[in-house]
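Okay, here's what each chain looks like letter by letter:
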Amino acid sequence: MDRILAFLRKEFRQLRRDPRMLFLLLVPPVVQLVLLGYAANLDARAVPLVVCDPVPSATSRDLVDRLVASTSFRRVGEESDPRRVGDWLDRGRAAVAIVFPPDFGTDIARGTTASVQLLVDGTETTTATAALGDAVAILRHPDRATAPSGGVVPELRVWFNPGRSSRYFFVPGLVGLLVTVMTTSLTALALVKEKENGTLEQLLVTPLRPPVVVVGKLVPFLVIGLFDVLLVVLVATLWFRVPLRGSSLLLFGCSFVFLLNALGLGLLVSTLSRTQQQALIGTAFFVAMPMIVLSGFAFPIESMPPAIRALTSLVPLRYFLAIVRGIFLKGVGMSAFVDEVAALLGLAALWLGVSARRLRRSLA
């Protein structure tokens, strides 16, 4: 019994002497609980709404005001031409569009039934379903004081995913998530192993400059990441039958930019870890979990509190998900992803720059 107690005391002392491991064991669960508590929300909140009302009327303005006042929708723009509404959904600037016919006000004045078209981006099934339910409830049951005598009939159209299949929503997102976890984990573990064995320091004292050594270590993982993208895309299209409506070359080009972020995060984790165990825990807690919770993969970003929503701007998967789902389900081109690609390039420069600087300091 004394030997067992002595052994346990030794293990606890060893854990206390390793502040990094102690930090990884205590802080991440609390941080993740806070993030999940605020971010895990499947309600439709502040869903971007574009309004097309060619001939505005008092009733149409009242209906739009009620939609916005419900907090389920956030008006982001107006269009007078119904033919331009599709561009808002293609580019992801709006998730819902309400289109009033030109004779809507006339029909209401006559006391007849008036129709309103609701267009919903079906690439995000959770948001689409919740938004449709809220919009239909408001349109069919308006305020009694301003309710049209003939009634309003919403005509529903779900774009890009008419059946609202959750498989079409999750499988393209898994392309980015799986590639991120695999590439980041492999990069972090491999570099920490090199540090443990002392071979990385040996490389850095060679005539090769440190940036060249780091790039040489990262290139193989970049190639592996691109192969993983190809593998996951083939499984998604051939096995799960998810349509790839856009350009496969564009998908791989954007994947290359995204993988630079994964490599930068993996390099950053390696600079913060002394052992492979720490690297594995750090990747799970500080990369995988935030990617799932804060990227829009499982929970709509519009429903998150403002502070958490601002934090999602640092998550590369947020932008890559918009690209992947757009190419898979919408079939849009590069012009729809200029902002997302620019954000990925900026984040890649940030993560790689910070990681390279920390690596030089840790090996100095």
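Residues numbered from 1 in each chain as written. Predicted model: local features only at pLDDT ≥ 70, side-chain atom pairs only at ≥ 80, totals over all residues. Heavy atoms only, no water.

Counting residues in hydrophobic clusters, the biggest one holds 67 residues, and the most contacted among them are V85, L119, M291, L317, I323, F328 and F337. Of all the elements, helix α10 (residues 248–272) adds the most residues to this core, at 11 residues. Every residue in contact with L317, bar those within four places of it in the chain, is listed here: G176, L177, T180, F258, M291 and S295. By size, the runner-up hydrophobic cluster in this structure holds 26 residues, among which are L63, I98, F100 and I138. (Core = buried A, V, L, I, M, F, W, Y, C linked by side-chain atoms within 4.5 Å. Buried < 20%, exposed > 50% of the residue type's maximum accessible area, 1.4 Å probe, protein only. Helix = DSSP H or I, 4+ residues; strand = E, 2+ residues; numbered from the N terminus. Contact = heavy atoms within 4.5 Å.)

Another point: the sheet that holds strand β1 (residues 47–52). One open sheet holds the 5 strands; their spatial order is β2-β1-β3-β4-β5, and the pairing between them is mixed. The open sheet is flanked by β2 (73–79) and β5 (152–159), the only strands paired with a single partner. Sheet twist, expressed as the average angle between the axes of neighbouring strands with direction ignored, equals 25°. Pairing geometry for strand β4 (residues 114–121) and β5, over 8 bridges, is parallel. Each bridged residue has a counterpart across the sheet, and for V120 the counterpart in β5 is V158. In this fold helix α3 (residues 58–69) packs onto β1, β2, β3 (96–99) and β5, with an angle of close to 145° to the strand it touches most, β2. (Pairing = 2+ DSSP bridges. Axes fitted to C-alpha atoms, helices over the stretch in contact; angles between N-to-C directions.)

So, about helix α13 (residues 316–330). Helical periodicity: at 3.6 residues per turn, an α-helix aligns residues three or four positions apart in one direction. With 15 residues, α13 extends 21 Å from end C-alpha to end C-alpha; this agrees with the ideal 21 Å at 1.5 Å per step. The buried fraction of α13 amounts to 13 of the 15 residues, a majority that puts the element mostly inside the structure. Residue G331 follows α13 closely and has a positive phi angle near 70°. (Expected span 1.5 Å × (residues − 1).)

What follows is about the packing of aromatic side chains. Applying the stated criterion across every chain, the model contains 5 aromatic pairs. On the basis of an interplanar angle of 70° and a centroid distance of 5.7 Å, the ring pair of F170 and F297 is categorised as edge-to-face. Residue F170 is located in helix α7 (residues 166–197), and its partner F297 is located in the loop between α11 (276–294) and α12 (306–311); the two are separated by 127 residues in the primary sequence. Where F258 meets F320, the ring centres are 4.3 Å apart and the plane angle is 5°; that geometry is what we call stacked. Taken together, the residues F258 in helix α10 and F320 in helix α13 connect sequence positions 62 residues apart. Of the two residues examined, F258 and F320, each falls in the buried class. Joined through ring pairs, the aromatic side chains of F169, F170 and F297 make up one cluster. (Phe/Tyr/Trp six-rings, centres within 6.5 Å; stacked < 30°, edge-to-face > 60°.)

Okay, empty space enclosed by the protein next. Considering all chains together, one arrives at 1 cavity of 30 Å³ or more under this definition. Taken as a whole, the largest cavity spans an internal volume of roughly 40 Å³. Surrounding the largest cavity, E124, T125, T126, T127, F169, G296, A298, F299 and P300 form its lining. Among the elements that take part in the lining of the largest cavity, helix α6 (residues 125–140) stands out by supplying 3 residues, more than any other. Of the residues contributing to the lining of the largest cavity, the split by class is 4 nonpolar, 4 polar and 1 charged. (1 Å grid on protein atoms, 1.4 Å probe; cavity = no way out; pocket = protein on both sides within 12 Å on 5 of 7 lines; lining within 4 Å. Points joined across faces, edges and corners; volume = space filled by probe spheres on them. Nonpolar A, V, L, I, M, F, W, Y, C, P; charged D, E, K, R; others polar.)

In this section: the layout of surface pockets. By volume, the largest pocket is sized at about 920 Å³. Lining the largest pocket are 31 residues, and of these R91, G92, E302, A322 and E340 lie nearest its centre. If you list the elements that add at least two residues to the lining of the largest pocket, you get α13 and α14 (338–363).

Once that is clear, we can look at the confidence of the model for the protein chain. Detail in the predicted coordinates should be disregarded across regions flagged by low pLDDT. Per-residue confidence for the protein chain gives a mean pLDDT of 83, with 81% of residues at or over 70. Here helix α1 (residues 2–16) stands out as the element of the protein chain with the lowest mean pLDDT, 64, in contrast to α13, whose mean of 93 is the highest. (pLDDT = per-residue confidence, 0-100.)

Our focus in this paragraph is the side chain of D53. Position of D53 among the secondary structure elements: in the loop between β1 and α3. Ignoring sequence-local partners within four residues, the contact set of D53 consists of S60, E79 and F100.

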